[in-house]
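# Chain and residue survey
Listed here are the chains, written in short residue letters.
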Amino acid sequence: MRNNATTEPAWLRWALITLALGFLALNLLLPLLAVFGEALRKGITAYVAGIREPDAIAALRLTLTVAAIAVPLNIIIGLAASWAIAKFDFRWKSVLITLIDLPFSVSPVVAGLIYVLLFGLQGWFGPWLRAHDVQVIFAVPGLVLATVFVTFPFVARELIPLMEEQGRDEEEAALSLGASGLSTFWHVTLPNVRWGLMYGVLLCNARAMGEFGAVSVVSGHIRGKTNTLPLHIEILYNEYNFVAAFAVASILAGLALVTLVAKSLLEWRFAGQLAGRGH
Amino acid sequence: MTVTATDVVKSFGNFAALNGVSLDARPGEFLALLGPSGSGKTTLLRILAGLDFPDSGRIEIGGEDMSNAAARDRRVGFVFQHYALFRHMTVADNIGFGLTVRPRATRPPRREIARRVSELLDLVQLSHIGGRYPSQLSGGQRQRVALARALAVEPRILLLDEPFGALDAKVRKDLRRWLRSVHDRMGLTSVFVTHDQEEALDLADRVVVMDHGRIEQVDTPEALWDRPASAFVCDFLGGANRIACHVSGGSVDIGGVRLPNSAPACGDGPATAFVRPHEFALAEPGTAGVPVTLRRILRTGARPALETATADGSVLEVIADAADHLAAGAALTLVPLAVRAYPAA
């Protein structure tokens, strides 16, 4: 019996669900299991040795450092951009929106190359930087820049539709009640988007830790110095050090899983607000 | 507190929202801005509040020039059409907001704020739900919270944008009587925007009728009803039937019936007459007047309304007693008893 106009027949529903689940198992679950399987193939001691190796620890530390700088930067810039776009009218607004999407459409490798072109030894600012003894490319600042670029849209993209949907009424109410611009933002705008913001931050963080392309171009692959986790994994893999490569990869996968679980919890708890419907 | 607007002009791109509007609200007055959508009434209200700024013109509140003052410096209470309650705060926190965000030097102590909030909760009869969130309230309750929140900062004037627009008919009527009593008790000067003529006439001391960014007439409800200044006002106040007529020597000729013109002077020549539904008498066909055919009888109010049509198909609505013996299709003559004629557009 069909009790709903939009419900499809049972066989079709089961076929679609099987197809989707099968695809997910094959493309997502299997590789994930393979990572842990390969990492533990020669036993737990080899796994622990791969992880405790100084270069791996340095890579982990670097990855966390880069994320710890890039994510807060993008929270601030993303909040500012989405606040400006959603709550104010100005010329070139659509240009700004397009620019925010740029990192999604540009290949990360190109993004990395842009920074080499700008800050590398032969780049536009290269001579000036060298004269002042500042190293950007092949150093942490370059890694941070490249990561900020690649992960920039996540926070802004999450917040713009949410803020636009909420409109300006509450802000106007706050202003007419005597609140300053800053306290209006702090007491009204920010609390209204807090769960959306957290969601954007989680996505931004996941990408910041996992970014390979742009970071690879500006890193210079100096072991123990400028290798992030993804780069370190690639080096180990190219050296046929599979157990160590997969062991380090399992850390990265673990970080991703933590992020994913946190995101699912948020979605489950605050589904309405994330969809922009308010309470 | 007096509120004065002088020659206010505002446009949005190519759209002229206000074409030089001047207005004053006297201390203690309850003023309605009435007009169709796009007439500029909400824009004028927002300019008074400092949420929009005029291209030119002057705004004074209590004799002080406020033309360029920010919203937060105007001490104006604003009630939004869709309430704009802070959705993440409880009712009590919403009401206390204007006090808690004050700079430390002028902020009342916490206990004083709590006392003021509970006073206002009493005023709007919501003491039992101070801990709830806006999403848990009905429309009428939200409206009262919005009002309490605006009153908490002791505004010099109160501005309300379509305050009853989103409420159902019954709640709307109760709430507007209640709002009027709050206004009178607190000695406020209030300006509210509405597109509902009944609401404006029922509630306001004076009504400002607006159209296309201009003020058509400012008057008391009685004067507005008795002496509409223009065809637009007469039409917008509602219900009046339009009939083509001829004016000569100050009297109006409708189908052979001659009546004095109740509207301000209208020159001789063809004109449009407005006759309200209850200003007709029914007569046998063949009498002088407007010959019509009865289409149907509507029994929506205490007295039946007759929907009739003239020979050229235009519909005239008549409210008359003694309609019981009539049936659809009957031929009648409508004899106008009072008429307002304005130059034909």
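This structure is a prediction, so every number in the text was calculated from the model and none was measured.

## As for the side chain of Thr-194 of chain B
If you trace the backbone, Thr-194 of chain B turns up in strand S8 (residues 190–194). In this structure the side chain of Thr-194 of chain B is engaged in a polar contact, spanning 2.9 Å, whose partner is the backbone nitrogen of Asp-196 of chain B.

## Some points on the sheet that holds strand S18 (residues 315–319) of chain B
Residues and elements named next belong to chain B. Taken in spatial order, the five strands line up as S15-S19-S16-S17-S18 in an open sheet, and their pairing is antiparallel. Because the sheet does not close on itself, it has two edges, and the strands there are strand S15 (280–283) and S18. With direction set aside, neighbouring strand axes in the sheet form an average angle of 45°.

## Looking at the domain arrangement of chain A
Residues and elements named next belong to chain A. If you check the domain split of chain A, you get domain 1 (8–39) and domain 2 (43–275). Taking only C-alpha atoms into account, the centre of domain 1 sits 29 Å from that of domain 2. Across the interface of domain 1 and domain 2, roughly 610 Å² is buried in total on both sides, 81% from carbon and sulfur atoms. Taken together, the connections running from domain 1 to domain 2 amount to zero salt bridges. In the side of domain 1 that touches domain 2, the residues fall into four nonpolar, no polar and one charged.

## Concerning the packing of aromatic side chains
Counting across every chain of the model gives 13 aromatic pairs over all chains. Here Phe-86 of chain B and Phe-97 of chain B contribute two aromatic rings whose centre-to-centre distance is 4.5 Å and whose plane-to-plane angle is 50°, an arrangement assigned as tilted. Highlighted residues: Phe-86 of chain B in the loop between strand S6 (76–79) and helix H2 (91–100) and Phe-97 of chain B in helix H2, separated in sequence by 11 residues. Classification of Phe-86 of chain B by relative accessible area gives buried; the value is 0%. One aromatic cluster in this structure is built from Tyr-115, Phe-119, Phe-125 and Phe-149 of chain A. Sitting over the ring of Trp-225 of chain B, Arg-276 of chain B keeps its end group 3.7 Å from the ring centre.

## Points about a nonpolar patch on the surface
Residues and elements named next belong to chain A. A cluster of nonpolar side chains, namely Trp-14, Ile-17, Leu-21, Phe-23, Leu-24 and Leu-28, defines an oily patch on the protein surface of about 660 Å² accessible area. Within the secondary structure, Leu-24 sits in helix H1 (residues 10–39). In this structure Leu-24 comes out as partly exposed when scored by relative accessible area, which is 39%.

## Section: the sheet that holds strand S7 (residues 157–161) of chain B
All names here are of chain B. What the six strands build is an open sheet, ordered S6-S7-S8-S3-S9-S10; its pairing is mixed. The open sheet has two edge strands with one neighbour each: S6 and strand S10 (214–219). The average undirected angle you get between the axes of adjacent strands in this sheet is 20°. Direction of pairing for strand S3 (residues 30–34) relative to S8: parallel, over a ladder of five bridges. Each residue of the ladder has a partner; that of Leu-34, found in S8, is Thr-194.

Conventions we followed
The residue count restarts for each chain, going from 1 along the sequence in the order it is written. Going through the entries in the order they are written, you letter the chains from A and number the ligands from 1. Thresholds applied to this predicted model are a pLDDT of at least 70 for local features of residues and 80 or more for the giving and counting of side-chain atom pairs; totals over whole chains, interfaces and linings are not thresholded and use all residues. Excluding hydrogens and water, the side-chain values take into account all heavy atoms of the structure. Secondary structure is summarised from DSSP: a helix means a run of H or I of at least four residues, a strand means a run of E of at least two, and numbering begins at the N terminus for each. Polar contact criterion, stated in full: a pair of N or O atoms within 3.5 Å, where within protein one must be able to donate a hydrogen and the other to accept it, and residues adjacent in sequence count only if both atoms are side-chain atoms. Here, any two strands with at least 2 DSSP bridges between them count as paired. For every element, the axis is a line fit to its C-alpha atoms; helices are fit only across the contacting stretch, and the angle between N-to-C directions ranges from 0 to 180 degrees. Residue ranges assigned to the domains are those given by an automatic or database domain assignment. Put simply, buried area is the surface a 1.4 Å probe can reach on two separate parts but cannot reach once they are joined, added for both. Salt bridges, as used here, are contacts in which a Lys or Arg side-chain nitrogen is within 4 Å of a carboxyl oxygen on Asp or Glu. Amino acids are sorted into nonpolar (Ala, Val, Leu, Ile, Met, Phe, Trp, Tyr, Cys and Pro), charged (Asp, Glu, Lys and Arg) and polar (every other residue, Gly among them). Stacked, tilted and edge-to-face pairs are distinguished by plane angle, under 30 degrees for stacked and over 60 for edge-to-face with tilted covering the rest, among Phe, Tyr and Trp rings (Trp via its six-membered ring) whose centres lie within 6.5 Å. For every residue, the accessible area obtained with a 1.4 Å probe (protein chains only) is divided by the maximum for its type, and the residue is called buried under 20%, exposed over 50%, and partly exposed between those limits. In this scheme, the term charge over a ring applies when either NZ of a lysine or CZ of an arginine sits within 6 Å of the ring centre and within 35 degrees of the ring normal. Residues enter patches when they are more than 30% accessible in relative terms and free of salt bridges; like-charged ones are connected within 9 Å and nonpolar ones (Val, Leu, Ile, Met, Phe, Trp, Tyr) within 5 Å. To measure how exposed things are, a 1.4 Å probe is used in the Shrake-Rupley method; for residues, cover is taken only from the protein chains shown.

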